[in-house]
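Coordinate analysis (summary)
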Amino acid sequence: MSDALLEFEGLGKSFGGVRALDGLDMTVKRGEILGLIGPNGSGKTTSFNVMTGIYSPSQGRGRFDGQDITGLSARKVYEAGIARTFQRSRLCLPLSIYDNIMIGNHARLDNGLWFNLINRGALRRQVEEGYEKARELVAGFSGELADRMFEPVGALPMIERRRIEICRALVSGPKLLLLDEPSAGMTHDETAQLMDDILAVRDRMGDLSIIIIEHEMGVIERLTDHCVVLSYGRKISEGSYAQIAADPEVQSAYLGVD
């Protein structure tokens, strides 16, 4: 089995005359945490949207776990084993912790009308199994939070909401987790706690691979095994955090150094 889980070659995405991604080559290894960084407008979130089937690429090819995923729908990409969070929270605030997590597993549930009305025993087992799985995921972050599964997420502080978003992405058992600026809106102490959480998730889930978009360089330095730096849709540097931080082109484009 190849060490490469995700491979993109010449990935491009254009919106009219705007080239948001320009010939991106990128490989993510099994069990690796890769940092995807760059200034605003550099193509980071666009790359996530292409990876997850929200956008079809204008050019290039993508392979995930040996399968060609070029142009697959978002549902098919999800079923292949890629899950994500978003920079702006997508939680349904009036709904409970449990409900929000199970929304992330809807595509894997038997929820047709016939199943729900006729096969009541199987439906009950499915709900019970879903609850146990959701509670186990939440308990991995906080035992206290796991005792509040039926409370609305709107009552939770930002760090707890971020944890629930990550649990919602993990409930489907993905091989690759994409985190889009998970520290957004949090304090320094909350960010430090979330970094511990992410590392603990990777340790618990074995060969789970993670790609993280972040503007907080302290987060990138601590979490990542490898980094890719984008600017105007192009990859301008790649390597360890120490290598990319010392790259003059990165310093000029991203870190504000002349």
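First, a word on scope: everything that follows refers to the structure included in this document.

Parameters at a glance
Residues numbered from 1 in each chain as written. Predicted model: local features only at pLDDT ≥ 70, side-chain atom pairs only at ≥ 80, totals over all residues. Heavy atoms only, no water. 1 Å grid on protein atoms, 1.4 Å probe; cavity = no way out; pocket = protein on both sides within 12 Å on 5 of 7 lines; lining within 4 Å. Points joined across faces, edges and corners; volume = space filled by probe spheres on them. Helix = DSSP H or I, 4+ residues; strand = E, 2+ residues; numbered from the N terminus. Nonpolar A, V, L, I, M, F, W, Y, C, P; charged D, E, K, R; others polar. Buried < 20%, exposed > 50% of the residue type's maximum accessible area, 1.4 Å probe, protein only. Phe/Tyr/Trp six-rings, centres within 6.5 Å; stacked < 30°, edge-to-face > 60°. Pairing = 2+ DSSP bridges. Right-handed = clockwise from strand over helix to strand, strands pointing away. Polar contact = N/O pair within 3.5 Å; in protein donor to acceptor, adjacent residues only side chain to side chain. Axes fitted to C-alpha atoms, helices over the stretch in contact; angles between N-to-C directions. Contact = heavy atoms within 4.5 Å.

Let's talk about the layout of surface pockets
Estimates place the volume of the second largest pocket at around 160 Å³. Residue lining of the second largest pocket: Lys 133, Glu 136, Leu 137, Gly 140, Leu 170, Arg 204 and Met 205, and that is the complete set. Here the lining of the second largest pocket gets 3 residues from one element, more than from any other, and that element is helix α5 (residues 120-139). Looking at the lining of the second largest pocket residue by residue, the class counts come to 3 nonpolar, 1 polar and 3 charged.

Some thoughts on empty space enclosed by the protein
In total, this model carries 3 cavities of 30 Å³ or more according to the counting rule given. When its volume is computed, the largest cavity comes out at roughly 50 Å³. Here the residues of the lining of the largest cavity are counted per class, giving 8 nonpolar, 3 polar and no charged.

Quick notes on the environment of Asp 147
Secondary-structure assignment places Asp 147 in the loop between α6 (143-146) and α7 (158-170). Relative accessible area serves as the criterion here: at 58%, Asp 147 is assigned to the exposed category. When the C-alpha positions of Asp 147 and Arg 135 are compared, they lie 8.1 Å apart, and in sequence the two are 12 residues distant.

A word on the packing of aromatic side chains
Under the counting rule described, the total for this entry stands at 4 aromatic pairs. With 5.1 Å between their ring centres and 75° between their planes, Phe 15 and Tyr 55 make a pair best called edge-to-face. Placement of Phe 15 in strand β1 (residues 4-15) and of Tyr 55 in the loop between α1 (44-51) and β4 (59-64) is noted, with a sequence separation of 40 residues between them. What makes Phe 15 partly exposed here is its relative accessible area of 36%. With centroids separated by 5.6 Å and ring planes inclined at 5°, the aromatic side chains of Tyr 131 and Phe 150 adopt a geometry described as stacked. Pair noted here: Tyr 131 is in helix α5 and Phe 150 is in the loop between α6 and α7, with a separation of 19 residues, a long-range link.

Regarding the pairing of strand β8 (residues 209-213)
Within β8, 5 of the 5 residues are buried, leaving the element largely enclosed by the surrounding structure. Direction of pairing for strand β3 (residues 33-37) relative to β8: parallel, over a ladder of 4 bridges. By the bridge assignment for β8, Leu 34 is matched with Ile 211. In this region the chain leaves strand β7 (residues 176-180), passes through helix α8 (residues 188-204) and returns to the parallel neighbour β8; the handedness of that crossover is right-handed.

Focus: the side chain of Asn 100
Checked against the element boundaries, Asn 100 lands in helix α3 (residues 97-103). The buried category is assigned to Asn 100, whose relative accessible area is 0%. One polar contact links the side chain of Asn 100 to the main-chain amide nitrogen of Cys 92, over a distance of 2.8 Å.

Re α1
By the criterion of burial, α1 is predominantly enclosed, with 7 of the 8 residues buried. Looking at α1, one finds that the buried residues are Lys 44, Thr 46, Ser 47, Phe 48, Asn 49, Val 50 and Met 51. Backbone geometry just after α1 places Gly 53 at a positive phi near 85°.

Here we look at the sheet that holds β1
A sheet is described by the order of its strands in space; here 4 strands give the open sequence β2-β1-β4-β5, paired in antiparallel fashion. A strand with exactly one partner marks an edge of an open sheet, and here the two such strands are β2 (18-29) and β5 (67-68). The sheet contact formed by β1 and β2 spans 8 bridges and is antiparallel. Directly across from Phe 8, in β2, lies its bridge partner Met 26.

A short note on the sheet that holds strand β6 (residues 82-84)
Read from one edge of the open sheet, 6 strands run β6-β7-β8-β3-β9-β10, paired in mixed fashion. Because the sheet does not close on itself, it has two edges, and the strands there are β6 and β10 (234-239). Recorded for the sheet is a direction-independent mean angle of 20° between the axes of neighbouring strands. Of the strand pairs in this sheet, strand β9 (residues 226-231) and β10 are connected by 5 bridges, and their pairing is antiparallel. Each residue of the ladder has a partner; that of Leu 230, found in β10, is Lys 235. Set on the sheet, α7 makes contact with β6 and β7; between it and β7 the angle comes to about 150°. Strands β3, β7 and β8 of the sheet are contacted by α8, whose axis makes an angle of about 160° with β8.

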